[in-house]
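Listed here are the chains, written in short residue letters.
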Amino acid sequence: VGKKVQAIYLWWHKPVIDKELLQSLPNLKVIANSGVGMDHLDLKLVASFGVKMANAPRAVSSTTADTGMALLLASARRLVEVHNISISPSMEYCEADILGVKIAGATLGIIGMGSIGYKIAVRAKAFEMNILYHNRTRRKVQEEHAVGATYCKNIDSLLQQADFVMLVVSLTPQTHKLIGKRELELMKPTATLINISRGAVVDQEALVAALQTGAIRAAALDVTSPEPLPRDHPLLKLKNVIITPHLGIRTDKATYMITEEAVENILAALNGLPLPSEVLPS
């Protein structure tokens, strides 16, 4: 059926798009991705076959921002730890051992202020947080004022000031291991790292060391490298870590909206119209 295929809808990186598959589909016009991140695709290879590509940014931004805030709150108030205490047979604990961190008045540093990062800022403002952000391009002044965000041209300045650092960047060669030993040492020892982007944005060995030595207080990760982690990975043994299995977009409504957005892009491509969410190779 290779000659009949004109569109591919990628769900959770399946099917794998490689040269062999592209060569077998001579009439392929478009690949629509179920999500924002396109790091699993060789964009230049796909484009070389004359195939257009699209992602689903509108569908996933709100639900991914919700995931980021959920991880921030869960880590700050140590919800996983206290849940385990609450269901334990003895229910024994010392109140001093379950003290959380206050959210209101704390400083959130957002690295990556695209559509998802901005929606996180909107949510953080409602929690009365002070907001810093670092991005390749600065937001409009009106957008900054709307959420009370301050731009940090230098990422080091953000890391040194933030009580919570949230990673919301795409995975590129420039952002691979963006947060490593040096960056973690710049953070406050009371700070929390939250990653809802891609696991490879963080040097995981350096993160383990920072969590074990108290260089930072905690981490909350919706993404790891690989996914899932090997069952003997040291991150799985630390009490000051929350790990979720890439939940970012996984809600019933978001899944439906992602499919709608993909279909919209596919129909546009098949009808020779501009793709609403076209992604071009850089």
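Check the entry above for the structure.
Residues numbered from 1 in each chain as written. Predicted model: local features only at pLDDT ≥ 70, side-chain atom pairs only at ≥ 80, totals over all residues. Heavy atoms only, no water.

Time to look at the pattern of salt bridges. Counted by the stated rule, this structure contains eleven salt bridges. Put simply, Arg-123 and Asp-66 hold a salt bridge, and the shortest N to O gap is 2.7 Å. Placement of Arg-123 in helix α5 (residues 115-126) and of Asp-66 in helix α3 (residues 57-76) is noted, with a sequence separation of 57 residues between them. Exposure remark for Arg-123: the relative accessible area of 21% places this residue in the partly exposed category. Looking at Asp-66, the relative accessible area reads 40%, which means it is partly exposed. Ionic pairing is found between Lys-181 and Glu-185, a salt bridge with its closest N-O pair at 2.6 Å. Taken together, the residues Lys-181 and Glu-185, both in helix α8 (residues 181-186) and four residues apart, mark about one turn of the helix. Residues joined by salt bridges that share partners form a network here, namely Arg-58, Glu-261 and Glu-264. (Salt bridge = Lys/Arg side-chain N within 4 Å of Asp/Glu carboxyl O. Helix = DSSP H or I, 4+ residues; strand = E, 2+ residues; numbered from the N terminus. Buried < 20%, exposed > 50% of the residue type's maximum accessible area, 1.4 Å probe, protein only.)

Before going further, it helps to spend a moment on the sheet that holds strand β1 (residues 7-10). A sheet is described by the order of its strands in space; here three strands give the open sequence β1-β2-β3, paired in parallel fashion. Edge positions in the sheet fall to β1 and β3 (52-54), since each has one partner strand and no second. Strand-to-strand twist across the sheet, computed as the mean angle between neighbouring axes with direction ignored, equals 15°. On top of the sheet, helix α10 (residues 252-270) reaches β1, β2 (30-33) and β3; it is set at about 160° to β1, its chief contact. (Pairing = 2+ DSSP bridges. Axes fitted to C-alpha atoms, helices over the stretch in contact; angles between N-to-C directions. Contact = heavy atoms within 4.5 Å.)

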